Amino acid sequence: MNVLLIGSGGREHALAWALSASPLIGTLYCAPGNAGIADMARCVALDVADHAAVIAFCREHTIGLVVVGPEAPLVAGLVDDLAAAGIKAFGPTRAAAQLEGSKGFTKDLCREFSIPTGAYGRFHDKASAKAYLAAQPIPIVVKADGLAAGKGVVVAFTRAEAEAAVDACFEGAFGSAGAEIVIEEFLDGEEASVFALVDGKTVLLLGAAQDHKRVFDGDKGPNTGGMGAYSPAPVMTPAMMQRTLDEIIKPTVAGMAERGTPFKGVLFLGVMITTQGPKLYEYNVRFGDPECQTLMLRLKSDLLAALLATVDGVLDRFDLRWHEDVALCVVMAAKGYPGDTAKGSEIKGLDAAAKVPGVQIFHAGTKRDGTRILANGGRVLNVAARGKTVAEAQARAYEAIAEIDWPEGFCRRDIGWRAIAREQSQS
Ligand code: AMP
Ligand code: GLY
């Protein structure tokens, strides 16, 4: 079967790596892809926002499945348009993608189906938002309603910060994504990312991961798309996972089906483990990046078969096998990230780095120039490794990083620190 993968990041490189290992794969195409993905897929310059062009490409290349990596094409209804043209696509419809596309939508769904989450209000103007804020305890969380590339959330520790966040949203800091805001109760606890395949009715858990959102060691500095991740997440004990499944995931899947907008694809929950148990703080409707890289390293089964079972609605007859190992992924970013970064610096030493046992290198923002690999984005490389423990996986990832010669890049030196501290306290 020919497959078209949409996207260009480390997540998509990991998906391409897993898809290309499938016994079912014919030709794997990726739009637009990157220099790493080009080693295992044919990269094509398709305008993904032009749905008619994507449909024409699929017909011309007899694509049996389209796999959508990022959220924007899902929220834009790419899967709906492909389905209407008779082309199978993995990912939710536009209506179901509202779980990520509108934070207010998700909060209302939680209220309707009694899903544990923080108290909240939805607002369209400064005055009513500030009146609500005045009556809330601090800290408090201010969120742009729409897609803001991970930048639309402010956890405010003072009232002034919260008010400034409200002002910024309504003054256009996040464009139309901030025309409506959600003000949400601050949830105290440890965060985990939980992933599940959902075929409209059946849930197949993929497991949990934890990522490091802050740019600097010690989880300091501004928020990023994610500087590293590991899976499984020790905080997600089997009992906590069961509660998350029963109290959050199943009611969401049932609620979406009951509303006539069933969810199909990968559901990614941001869960806070509080003293009262798991509480949802956000949904995403795609794999996390870099969490996906750790999941793909641990997956033993055929990813393509799993994605097809999801699209075909037969997950009730499907199961997955996983490596026992832990996987950990360190993001290498261009200096300046998450702010402006320079493109075009050369990265050397990748072949030597890839030889470290247990290591897999995924490209996140690279391009090829002859035989040279050049940085072409903020997050540039993902160095992922498997190990028996988080400490072993981390040591292997940093051993590989030591082989990479890229003075214009940087990475955090402490990915997995919380899990490693747990391992040390238990041994
Ligand atoms: P998001 O962009 O939705 O992933 O949110 C960014 C970060 O904000 C999350 O990873 C959490 O650390 C934090 N966050 C979001 N909502 C809450 C909340 N209700 N309470 C505490 N922290 C939150
Ligand atoms: N790493 C978080 C995300 O993909 O949104």
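To be clear, the structure that these remarks concern was listed above.
Residues numbered from 1 in each chain as written. Chains lettered and ligands numbered in written order. Predicted model: local features only at pLDDT ≥ 70, side-chain atom pairs only at ≥ 80, totals over all residues. Heavy atoms only, no water.

With that out of the way, let us pick up the overall build of the protein. The secondary structure content of the protein amounts to 14 helices and 23 strands. Since a compact globule built from 427 residues should have a radius of gyration of about 22 Å, the 21 Å found for the protein is in line with a globular shape. Each principal axis of the C-alpha atoms in the protein carries an extent, and together these give about 60 × 50 × 45 Å. In the structure as shown, the protein presents an accessible area of about 16,900 Å², 52% of it carried by carbon and sulfur atoms. (Helix = DSSP H or I, 4+ residues; strand = E, 2+ residues; numbered from the N terminus. Rg over C-alpha atoms; globule rule 2.2 N^0.38 Å. Areas by Shrake-Rupley, 256 points an atom, 1.4 Å probe, with all protein chains shown as cover.)

Here we come to the site of ligand 2. Residues in contact with ligand 2, as listed here, are Asp211, Gly225, Phe268, Arg286, Gly288, Asp289, Pro290 and Glu291. Gly225 is positioned with one of its backbone polar atoms (N or O) 3.1 Å from a nitrogen atom of ligand 2. In this structure, Arg286 approaches ligand 2 through a side-chain N or O atom, which is 3.0 Å from an oxygen atom. Burial of ligand 2 by the protein chains amounts to 87% of its free accessible area of 200 Å². (Near = heavy atom within 4 Å. Polar contact = N/O pair within 3.5 Å; in protein donor to acceptor, adjacent residues only side chain to side chain.)

Moving on: the pairing of strand E10 (residues 190-199). Extensive coverage of E10 is indicated by the burial of 9 of its 10 residues. For E10 and strand E15 (residues 264-274), the ladder comprises 10 bridges, and the chain directions are antiparallel. Opposite Glu191, over in E15, you have Met272 as the bridge partner. Relative to strand E11 (residues 203-211), E10 runs antiparallel, the two sharing 6 bridges. If you follow Phe195 over to E11, its bridge partner there is Gly207. Between the antiparallel neighbours E10 and E11 lie 3 residues, among them Gly200 with a positive phi of about 110°. (Buried < 20%, exposed > 50% of the residue type's maximum accessible area, 1.4 Å probe, protein only. Pairing = 2+ DSSP bridges.)

Turning next to helix H8 (residues 159-170). In a regular helix each residue adds 1.5 Å, so 12 residues correspond to 16 Å; H8 covers 17 Å between its end C-alpha atoms and thus fits that length. For H8, the full list of buried residues reads Ala162, Ala165, Val166 and Cys169. For H8, the buried positions fall inside an angular range of 100° around the axis, keeping them on one side. Contacts made by the buried residues of H8 are with helix H7 (126-134), strand E7 (140-144), strand E8 (153-156) and strand E9 (181-185). Phi for Gly172, located one or two positions after H8, is positive at around 95°. (Expected span 1.5 Å × (residues − 1). Arc of directions from axis to C-beta. Contact = heavy atoms within 4.5 Å.)

Another point: the site of ligand 1. In the vicinity of ligand 1 there are 14 residues, among which Glu184, Glu185, Leu187, Glu191 and Glu282 approach most closely. Separating a nitrogen atom of ligand 1 from a side-chain N or O atom of Lys143 is a distance of 3.0 Å. A distance of 2.6 Å separates an oxygen atom of ligand 1 from a polar side-chain atom of Glu282. In isolation ligand 1 offers 480 Å² of accessible surface; the protein chains occlude 91% of this area. When residues of the shell around ligand 1 are traced back to their parent elements, those giving at least two are E7, E8, E9 and strand E16 (277-284). Its residues placed into classes, the shell around ligand 1 shows 7 nonpolar, no polar and 7 charged. (Nonpolar A, V, L, I, M, F, W, Y, C, P; charged D, E, K, R; others polar.)

Before going further, it helps to examine the environment of Asn34. Along the polypeptide, Asn34 turns up in the loop between strand E2 (28-32) and strand E3 (42-43). Separated by 342 residues in the primary sequence, Asn34 and Asn376 have C-alpha atoms spaced 9.0 Å apart. Here Asn34 is in contact with Ser8, Gly9, Cys43, His363, Ala364 and Thr366, once residues within four sequence places are set aside. At 3.0 Å, the side chain of Asn34 and the backbone oxygen of Ser8 are in polar contact. A distance of 2.9 Å separates the side chain of Asn34 from the backbone nitrogen of Ile37, its partner in a polar contact.

Another aspect to go through is the sheet that holds E2. With parallel pairing, the 5 strands of this open sheet are ordered in space as E3-E2-E1-E4-E5. Across the chains shown, the open sheet's two edge strands, defined by having one partner strand only, are E3 and strand E5 (89-90). Pairing of E2 with E3 involves 2 bridges; the strand directions are parallel. Counterpart to Tyr29 in the pairing with E3 is Arg42. Each of strand E1 (2-7), strand E4 (63-68) and E5 is contacted by helix H11 (residues 303-312), which is oriented at about 90° to E4, the strand it contacts most. (Axes fitted to C-alpha atoms, helices over the stretch in contact; angles between N-to-C directions.)

Bringing unusual backbone geometry into the picture now. The omega torsion of the bond from Ile138 to Pro139 falls at 0°, within 30 degrees of zero and hence cis. Relative to the helices and strands, Pro139 is located in the loop between H7 and E7. Put simply, Asp289 and Pro290 share a cis peptide bond, and its omega is 25°. By the element assignment, Pro290 lies in the loop between E16 and helix H10 (291-298). Here the phi dihedral of Ser114 falls at roughly 55°; this positive angle occurs in a residue that is not glycine.

So, about the sheet that holds strand E20 (residues 366-369). The antiparallel open sheet is built from 3 strands, whose spatial order is E18-E21-E20. For this open sheet the edge positions go to strand E18 (346-347) and E20, each flanked by a neighbour on one side alone.

It is worth stressing that arrangement in space is one thing and function is another; only the former is reported here.
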